[in-house]
Amino acid sequence: MLPGLIIRSSSIHAAGCYTSRPIKKGVRVCEYDGPRMSKAEADARYEDRLVTYLFACGNDLVIDGFGTAMFFNHCCDPNCETEQDEKGRVFISSMRDIAAGEELTYEYNLHDSDEDSQDCYCGAAICRTTMFSDLELKRRARIARRKAAANVAAKTR
Ligand SMILES: [Zn+2]
């Protein structure tokens, strides 16, 4: 983890991770570390929990995050991105030069969520108003269309 990262209250959501020093583009800022488990295990463990810090990596694997990485908020115009190395370790890296005092964020690209919505309040000029990934939005639109078609079919019967 880079020196100079601090956790403090965020204008985006709850607490966030800030840097007290400038960070150059392309630097590994922090590892998204924690126990690895299957999605089913994570679902069972966090059934009744509202807030989880699960990072999906690979087909049926999530990282149950702990430490600094879990304080990184989502932003639709992020300054960091996540990358996975060949050993399956996940790092949060800077996408651009970041000034001292900036909050560090990455694009969550949420999918496979049980929630009806995951509204975004990041405040970026290009905010997509949701933390779902584009693929997840398409998947949900498909399901909604199918449901609508089924409703029409039911009514005309
Ligand atoms: Zn947003």
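Structure first, text after, so check above.
Per chain, residues are indexed from 1 in the order of the written sequence. This being a predicted model, a pLDDT of at least 70 is required before a residue's local features are given, and a value of 80 or more before pairs of side-chain atoms are given or counted; all residues contribute to the totals for chains, interfaces and linings.

**Student:** It is not clear to me how the overall build of the chain should be interpreted in this structure. Could you clarify?
**Tutor:** Scanning the chain from terminus to terminus reveals two helices and 10 strands. Reported as C-alpha extents along the three principal axes, the dimensions of the chain are approximately 65 × 35 × 30 Å. Using C-beta atoms placed from the backbone, we call a residue buried if 20 or more other C-beta atoms fall within 10 Å of its own, exposed if 12 or fewer do, and partly exposed for counts in between. Here the chain holds 157 residues, and the buried ones make up 21% of them. Here the contacts in the chain between residues at least 6 apart in sequence split such that 63% fall between residues at least 24 apart. For the purposes of this entry, the term helix denotes a DSSP run of H or I that reaches at least four residues, the term strand denotes a run of E that reaches at least two, and both are numbered from the N terminus. By the convention adopted here, residues are in contact when the distance between their C-beta atoms, placed from the backbone, does not exceed 7 Å.

**Student:** What is the right way to read the sheet that holds strand E3 (residues 28–32) from this model?
**Tutor:** Hydrogen bonds between backbone atoms are what pair the strands of a sheet, whose relative direction is either parallel or antiparallel. An order of E3-E9-E8 is seen for the three strands of this open sheet, with the pairing classed as antiparallel. Only two strands of the sheet have a single partner each, and these edge strands are E3 and strand E8 (80–84). Sheet twist, expressed as the mean angle between neighbouring strand axes with direction ignored, is 30°. The criterion for strand pairing is that DSSP finds at least two bridges linking the strands in question. Of the pairings in the sheet, the one linking E8 to strand E9 (residues 90–94) comprises five bridges and is antiparallel in character. Bridge pairing in E9 links glutamine 84 to valine 90. Each axis is a line fitted through C-alpha atoms, taken for helices only over the stretch in contact, and angles between the N-to-C directions span 0 to 180 degrees.

**Student:** What am I meant to see in the pairing of strand E1 (residues 5–9) here?
**Tutor:** Two faces, one strand: in a regular strand the side chains alternate between the faces of the sheet. With zero of five residues buried, E1 lies mostly on the surface of the structure. Strand direction decides the pairing type here: E1 and strand E2 (residues 15–19), joined by five bridges, are antiparallel. The residue of E2 that forms the bridge with isoleucine 6 is tyrosine 18. Taking the residues between adjacent antiparallel strands as the criterion, E1 and E2 are bridged by five residues, where alanine 14 takes a positive phi near 45°.

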